[in-house]
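Okay, here's what each chain looks like letter by letter:
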Amino acid sequence: MIWCSAPFCNNSTAKGYICKTFPKNPERRAQWVANMNVKNWIPTDRSYLCEVHFSPEMWERRSDKKPKLKPNAVPTIFGYWLTEKTAFRQTEDELPLTNSTQNEQNFAESVLNEEQNVTDQEHQTAAKQERKKKLEKALDIQTKRLLRIQRQSKALKDMVRRLKYVISQDKYRTALKMVFNEDQIKALCNKRRTVKNWSNKTVERALQLKFICGTSGYEELLRQNMPFPSMRTLRRKLENLKFESGISKEMLDFLKLKVPNLENDTARGAVEPYPDLR
Ligand SMILES: [Zn+2]
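Cut-off values and rules
- Residues numbered from 1 in each chain as written.
- Predicted model: local features only at pLDDT ≥ 70, side-chain atom pairs only at ≥ 80, totals over all residues.
- Helix = DSSP H or I, 4+ residues; strand = E, 2+ residues; numbered from the N terminus.
- Buried ≥ 20, exposed ≤ 12 C-beta atoms within 10 Å, placed from the backbone.
- Contact = placed C-beta atoms within 7 Å.
- Axes fitted to C-alpha atoms, helices over the stretch in contact; angles between N-to-C directions.
- Parallel < 35°, antiparallel > 145°, perpendicular 65-115°, else oblique.
- Left-handed = near helix turned anticlockwise from the far one by under 90°.
- Nonpolar A, V, L, I, M, F, W, Y, C, P; charged D, E, K, R; others polar.

Per an unreviewed UniProt entry, the chain goes by the name THAP domain-containing protein 2-like and belongs to Temnothorax curvispinosus.

## Structural notes on the overall build of the chain
The helix and strand tally for the chain stands at seven helices and two strands. Ordered by position from N to C terminus, the α and β elements of the chain give β-α-β-α-α-α-α-α-α. Within the chain, the fraction of its 278 residues that count as buried is 14%. Counting only contacts in the chain whose residues sit at least 6 apart along the sequence, the fraction spanning at least 24 positions is 55%.

## Describing the packing of helix H4 (residues 200-223) against helix H5 (residues 231-239)
It is at 11 Å that the axes of H4 and H5 come closest, and there the two elements cross at 130°. Looking at the two axes, H4 sits oblique to H5. Between H4 and H5 lies a crossing whose hand is left-handed. For the pair formed by H4 and H5, the contact residues are Val 203, Ala 206, Leu 207, Lys 210 and Glu 219 on the first element and Met 231, Leu 234 and Lys 237 on the second. Counted by class, the contact of H4 with H5 contains five nonpolar, no polar and three charged residues.

## Side note on the environment of Cys 189
For Cys 189, the location among the structural elements is in helix H3 (residues 182-189). Residue classification places Cys 189 among the exposed residues on the basis of 11 C-beta atoms within 10 Å.

See the structure below:
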């Protein structure tokens, strides 16, 4: 056990006090002794002074907080009133908090809290921006999809319109077919209301009409844009009637039957150039 050599001090290592040996340097050692204010006393190598005699500034501030005297430290605190440890060990961390330091700490804490809040906000902002990006991307995709659908919708509407037109055309065509032959329908679609080669069916119908209605009646039908061969075409057809393989036997018989009984001059005129038809 090591006891303190200072007068009026009975501190020891056993009581938990740090005890320091006297310096080897004679000048410093002499200063220590002088400060102890003890006459006729010479320290030995086994003489010690406890920590309470050194003021706080004599101690090094260490990160590990282990008390270590500065190399040039000198003891300055002596007296019989010394009963307690000095405050050297109390680093600023251990010192009781004054109002100001309390305020400072509060401020620091508030700043830290703010910092934390800022950090949170930053995180939130970053998260929001991330979400915003994702939403914008999703919106972009949906917009493109919508445009694609709109294009498809328009294409489908066009198709429906075309199909309706085709169907309507087909309807009219069906209606036309009930009345006219194919070449007649073709002639109806022509600006000149004629075709290059009239079918034998149409020629037969035209001849029937001409003989029934007479030349003037047939011409009236042509004036009303009915799709039939012109008088000239009909005459030519009649010229070549013998050689027309397509003209039916019934038609020839009809013509032969019809012409001899013709009472109408106009109708007779239609077959005038063809004596064999009379
Ligand atoms: Zn002491």
